[in-house]
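# Report on the structure
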Amino acid sequence: MSRYFTEDHEWIDVDGNNATVGITNYAQEQLGDVVFVEVPENGKELGKGDDAAVVESVKAASDVYAPVSGTVSEGNVALADDPSLINTDPEGEGWFFKLDLSDTSQLEGLMDEAAYKEFVASL
Amino acid sequence: MSMNNQGRPTRSEDIETGCAPATFTGNRALILEEKLIFESGSTDRTGIDFPAAPDAPSKLGGLERSVEIGLPGLSESETVRHYTRLSRQNYGIDLGFFPLGSCTMKHNPRLNEKMARLPGFADIHPLQPQQTVQGAYQVIDELADWLKTLTGMPAVAMSPKAGAHGELCGVLAIRSALEARGDAREVILVPESAHGTNPATAAFAGYKVEDIPATKEGRVDLDALIARLGPDVAGVMITNPNTCGLFERDMKKISDAVHEAGGFVYCDGANFNAIVGKVRPGDLGVDAMHINLHKTFSTPHGGGGPGSGPVVFSEALAPFAPLPFVEGQGGEYRLVEEENAEEHHASSFGRMVAFHGQMGMFTRALTYMLSHGADGLRQVSEDAVLNANYILRSLEDVLDAPFAPSGPCMHEALFSDKGFADGFTTLDIAKGLIDEGFHPMTMYFPLVVHGAMLIEPTETESKDAIDEFVGALRHVVAAAKSGDANLKAAPHHAPRRRLDETMAARKPVLVYKDSETAA
Amino acid sequence: MRYLPLTPDDRDAMLARIGVASVDDLFSDVPEEARLTGTIRDLPDHASEMAVERHMQKLANKNLVAGSVPFFLGAGAYRHHVPSSVDHLIQRGEFLTAYTPYQPEIAQGTLQVLFEFQTQVARLFGCDVANASMYDGSTACWEAITMAGRITRRKKALLSNGLHPHYVSVANSMARFTGDDVISSAPELSAKTDIADLIDMIDAETSCVVVQYPDILGRMEDLTALAAKAQEAGALLVAVVTEPVALGAVKSPGEMGADIVVGEGQSLGVGLQFGGPYVGLFACKQKYVRQMPGRLCGETVDAEGKRGFVLTLSTREQHIRREKATSNICTNSGLCALAFSIHMTLLGEKGLRDLAQLNHAKAVKAAQQLAQIDGVSVVNDSFFNEFTVILPVDAREAVRELADRSILGGVSLGRLYPNESELSHALLITVTETCTDADVDALVSALREVLS
Ligand SMILES: Cc1ncc(COP(=O)(O)O)c(C=O)c1O
């Protein structure tokens, strides 16, 4: 399994054709206390860069994009009851949705952990 | 030795001042806690007496209510006390300085209130026969005349209910005009600094919204705007004076370029108070502009509304203005509405609202205009701008004012949060000002300045009031710069301490639930 | 000038601090050629309170005051007695001159009122939640249609022909631009509403069905079957209430299954005011709350654990979501909501029921009297305080002739539906608690005269 990052502060864990997507700790810190999350329905087809989920704090609303194309296989229902998971464990329990990837070659353009760290440091 | 005749001490004794003890009731003298009516009232209590209903058969179609609604009542005495107590937990202009930028919180003259309550205005029905409401039409017509004259525009739609509704009116007129010439444009350009209602309105009217960048000086980037114009751009929405409190010097050039490219110019006139009698939007090429009567023309904000947002139009857009409107002819007035629109106003885009708009605000605004007159309104703008510049120059040594070096501001002064100690924010400044007895400035708007603080004094503040505010703000800013922990916990003296907005949004409780129904 | 505190000395001192010679220097960003000099032509100079009052009073005197004559108009704006304490309380400066409660620590008064208002409206309408107000009933109605569109992702709204024609016009003007499909028609002068027809018209494209209750002709029918049919088809039922006092007597739309209930709250606390400002009421089922337009007040606690209130779920709104907001509304009808809420508190459940009963009984009696006039017939089987009669003459003429006799006799359907000749003889008559027996007798005898 390998983990990739995007410039939109999302992470994606890939295991064969299956992927899990969430937002990074840096993104969580920027947002502040998360109060609401909307995850995509199972079976939704997403193209790379499409709006996939919504995450809201008291004073901001952000879209979470599909980092690569695929079909949604699961949304994290636990977030509806406890959106604070995104603040407490953004890169674990606070995942957003799982995807069946349609084109793994799209992963090539993404960053690895070291590159993402550097990217954040440059902001 | 001298004694007063009650033998009681007349000076405070030396006592420990420090933390005040908790009281039994939770009240603190004049700061009184107040229950919800659902906790204090009951469904069988009432503050109104009615005569018995006459005997008559029911014609309710078998729909008689069978379950209790759950509406608690209070006697009149309790009602007066409930709302009086609640009112005392509120800050209002009547209480003190209220420098909320972009909101023009000026004094609300009481003559306005009295005039709006004359039975001849307050107690007439919008569908009365026209011969019985000639005076009401005349109010609308006279106010329309003032607005047209002050803006230099040939037409005005009076019915929009507030600023955002006026924006919608203007944008729909633009769309109608484009459709009438078979031109289906899709995009409205809006500066990043614009008020949220601008993009929301354009989207509500079915347009795509694109940002226009700003220059370092806080104004619309003319070159970028011109580069973006083209056959898909329906128009621009520009706020002038803008939300950074600056006059858009290039307004005429912007209008000319937009017109050249076949589009229309919408001006957000929320900040008209800065320029009444000094410059007319009609001379700057504007096609439509709303005027917030609840800002510029002193009708009260009422804790969130109602407002009124008449929209002035250029010749090009006037034919598309909404129904209904009033037409005067030789001292007689008539309403142009659906019935006679065909012959008088065939291109109108239709009706935006039931009835005629905010009559109660029209009477107040007209009363205000007559009181000030043309000379007074001009003085209003000059004093509003003078007060704002005085604030700008009295604070720029302690607060970062990103646009101050480029020249004077208009009616409001904008500052950023640069230079505060780590962890201290604009929010802390606001809460510190609350403890000092002021309503805070607008915070975090416009979005183009970090931690924005937008201060609009208006013309109805005295120099003393402003000096006191400046002194207090300098004091609070010093605390934010030195990292004073007390400031982080402010307000200390308001009816409530900082409220938990995260909890409110995570598990919204929007209505009262009786404990038995709370399940 | 009485509202301007700066003295000439103040102005000089301030200009000196700013470092400019004259106030005109502060307007240097205004291009020279656009700057106005001298006074504004064609407008008078400032005037004293006395002079202004004289002018405004003169205009007010040209209007025929509803309360000075027998008065029977309704059609979306109702004349009820507003207790004196309502106007006294809303004029307290802390309510009147406050802004939207953006700083909750010093706006608990407004916020608690909004929380109470939201609860009153939700209960009255039989819904889970209500917002902090819209502009008025007609704009609330359009907002409900767009909200149903967002929820169902469909664009066809079926409007009952009993919906107020101004509300229909507002929806039509908006729909032209948003690409929504709004189906509407004019009412028929029959005792039955078009609910059965609407049930037949619902299909897989329908986003919502919009019904007014009581409807424009005053009729009421059970909405349960319509709600069920709409929901079965994946559509929402939007109910519109223009006379909230009716709900003191009849079942609420929420009880009958409506998903969204909107209304005009002017009947309580606000008064006629020639059409505005009024107050839009907006309520719905809990599950749709994130699609609601407008402000919402919610309960929370402060740093010491004390109960308090804040504006919440703001990410729906324009100041945060901008072009993706659920609505563009900003300023709403706060003070009118306060007036509504105070009036409702004074009434309480008992008072509201008594008021409703009084309205209904008076209206029933008046309808009976009017039906006895030769050539006059009552359309309604069911009604609350407003009903439709058919006259043997054009009702607009009759209304004007009644006005000549100092009687404001009702709203002619010809005024509301100028293009529907079948409706031209119909007159809408409203009888509230403010109408005396003598008023009704005066209407009956004047109408006899007009018709003879
Ligand atoms: C710049 C600006 N534009 C538009 C608006 C919207 O006006 P309203 O609140 O009357 O809808 C406001 C006020 O809030 C504003 O400050």
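Residue numbers run consecutively from 1 along every chain, following the written order of its sequence. Key to labels: chains lettered from A, ligands numbered from 1, both in the order written. Two thresholds apply to this predicted model, a pLDDT of at least 70 for residue-level local features and 80 or more for giving and counting side-chain atom pairs, whereas whole-chain, interface and lining totals are computed over all residues.

Take the sheet that holds strand β5 (residues 264–268) of chain B next. Strand pairing in a sheet takes place through backbone hydrogen bonds and is either antiparallel or parallel in direction. Residues and elements named next belong to chain B. Strand order in the open sheet formed by seven strands is β1-β7-β6-β5-β4-β2-β3, with mixed pairing between adjacent strands. For this open sheet the edge positions go to β1 (155–157) and β3 (208–212), each flanked by a neighbour on one side alone. Direction aside, the axes of adjacent strands within the sheet are offset by 25° on average. Two strands are counted as paired when DSSP detects at least two bridges linking them. The helix count covers DSSP runs of H or I at least four residues long, the strand count covers runs of E at least two residues long, and both are numbered beginning at the N terminus. The pairing of strand β4 (residues 233–239) with β5 spans five bridges and is parallel. Bridging from a neighbouring strand, M237 pairs with Y266 of β5. Lying over the sheet, helix α6 (residues 163–180) contacts β1, β2 (187–191), β4, β5, β6 (288–290) and β7 (311–313), oriented at roughly 165° with respect to β6. Angular values range over 0 to 180 degrees, each being the angle between N-to-C directions of two axes fitted as lines to C-alpha atoms, with helices fitted over their stretch in contact. This entry defines residue contacts through backbone-placed C-beta atoms, with two residues in contact when those atoms are within 7 Å.

All right, on to the packing of helix α2 (residues 76–87) of chain B against helix α11 (residues 334–371) of chain C then. Viewed as axis vectors pointing N to C, α2(B) and α11(C) meet at an angle of 150°, and their least axial separation amounts to 9 Å. By the angle between their directions, the pair α2(B) and α11(C) is classed as roughly antiparallel. α2(B) and α11(C) meet at a crossing whose hand is right-handed. Each of B:E76, B:T79 and B:Y83 in α2(B) lies in contact with α11(C), whose residues at this interface are C:I342, C:T345 and C:L346. Under the scheme applied here, ten amino acids are nonpolar (Ala, Val, Leu, Ile, Met, Phe, Trp, Tyr, Cys and Pro), four are charged (Asp, Glu, Lys and Arg), and all others, including Gly, are polar. Residue classes in the contact of α2(B) with α11(C) are distributed as three nonpolar, two polar and one charged. Here the angle decides the label: under 35 degrees means roughly parallel, over 145 means roughly antiparallel, 65 to 115 means roughly perpendicular, and every other value means oblique. By definition, turning the near helix anticlockwise from the far helix through less than a right angle yields a left-handed crossing, and turning it clockwise yields a right-handed one.

All names here are of chain C. Multiplying 1.5 Å by the residue count of a helix minus one yields the expected span of that helix. Taking 1.5 Å per residue, 13 residues should reach 18 Å; helix α2 (residues 49–61) reaches 18 Å between its end C-alpha atoms and fits that length. Backbone-placed C-beta atoms define the burial measure: a residue is buried with 20 or more other C-beta atoms within 10 Å of its own, exposed with 12 or fewer, and partly exposed in between. Along α2, the residues classified as buried are V52, M56, L59 and A60. Along α2, the residues classed as buried sweep out an arc of 100° about the axis, all on the same side. Exposed and oriented more than 90 degrees from the buried face of α2 are M50, R54, K58 and N61. This arc describes the spread of directions from the helix axis toward the C-beta atoms.

Here the focus is the site of the ligand. For the ligand, the set of nearby residues contains 15 residues, the closest of which are B:G163, B:A164, B:A270, C:C330 and C:T331. In this structure, the ligand sits where chains B and C come together, each supplying nearby residues. Split into classes, the residues belonging to the shell around the ligand amount to four nonpolar, ten polar and one charged. Using a C-beta atom placed from the backbone for every residue, we mark a residue as near a molecule or strand if that atom lies within 6 Å of it.

Below, the discussion takes up the nonpolar core. Membership of the largest hydrophobic core comes to 345 residues, with the highest contact counts inside it found for B:F313, C:V209, C:V210 and C:V238. At 20 residues, the largest contribution of residues to this core is made by α11(C). Look past the residues within four positions of C:V238 in its chain and what remains in contact with it is C:A144, C:I145, C:A148, C:C208, C:V209, C:V210, C:A258, C:D259, C:I260 and C:V262. In these notes, a nonpolar core means any group of buried Ala, Val, Leu, Ile, Met, Phe, Trp, Tyr and Cys residues linked to one another through C-beta atoms within 7 Å.

What follows is about the interface of chain C and chain B. Between chain C and chain B, the residue contacts involve 170 residues of the former and 176 residues of the latter. Counted by class, the side of chain C that touches chain B contains 80 nonpolar, 55 polar and 35 charged residues.

Residues and elements named next belong to chain C. Reading across from one edge, β10-β11-β13-β12 is the order of the four strands in this open sheet, with antiparallel pairing throughout. With partners counted over all chains shown, the strands left at the sheet margins are β10 (377–378) and β12 (411–412), one partner each. Bridge analysis of β10 against strand β11 (residues 386–390) gives two bridges, and the strand direction is antiparallel. Directly across from V378, in β11, lies its bridge partner V389.

Looking at chain C, the pLDDT average stands at 97 and 100% of residues meet or exceed 70. The complex prediction reports pTM at 0.96, with the ipTM value standing at 0.97. Scored from 0 to 100, pLDDT reflects the predictor's confidence in each residue.

Residue and element names in this part refer to chain B. Of all five residues making up β2, four are buried, and the element is well covered by its neighbours. Examined bridge by bridge, β2 and β3 share five bridges and lie parallel to one another. Looking at the pairing, L189 lines up with E210 of β3. Look down the strands so they point away from you; if going from the first strand over the helix to the second traces a clockwise path, that crossover is right-handed. Note on the crossover from β2 through helix α7 (residues 197–204) to β3: the handedness is right-handed. Examined bridge by bridge, β2 and β4 share three bridges and lie parallel to one another. Across the sheet, residue V187 finds its bridge partner in β4, namely V233.

So, about helix α9 (residues 251–260) of chain B. Residues and elements named next belong to chain B. Among all positions of α9, only M251, I254, S255 and V258 are buried. Viewed end-on, α9 has its buried residues packed into an arc of 95°, placing them on one side of the element. Elements in contact with the buried residues of α9: α8 (222–228), β4 and β5. Looking one or two residues past α9, G262 carries a phi angle of roughly 85°, positive in sign.

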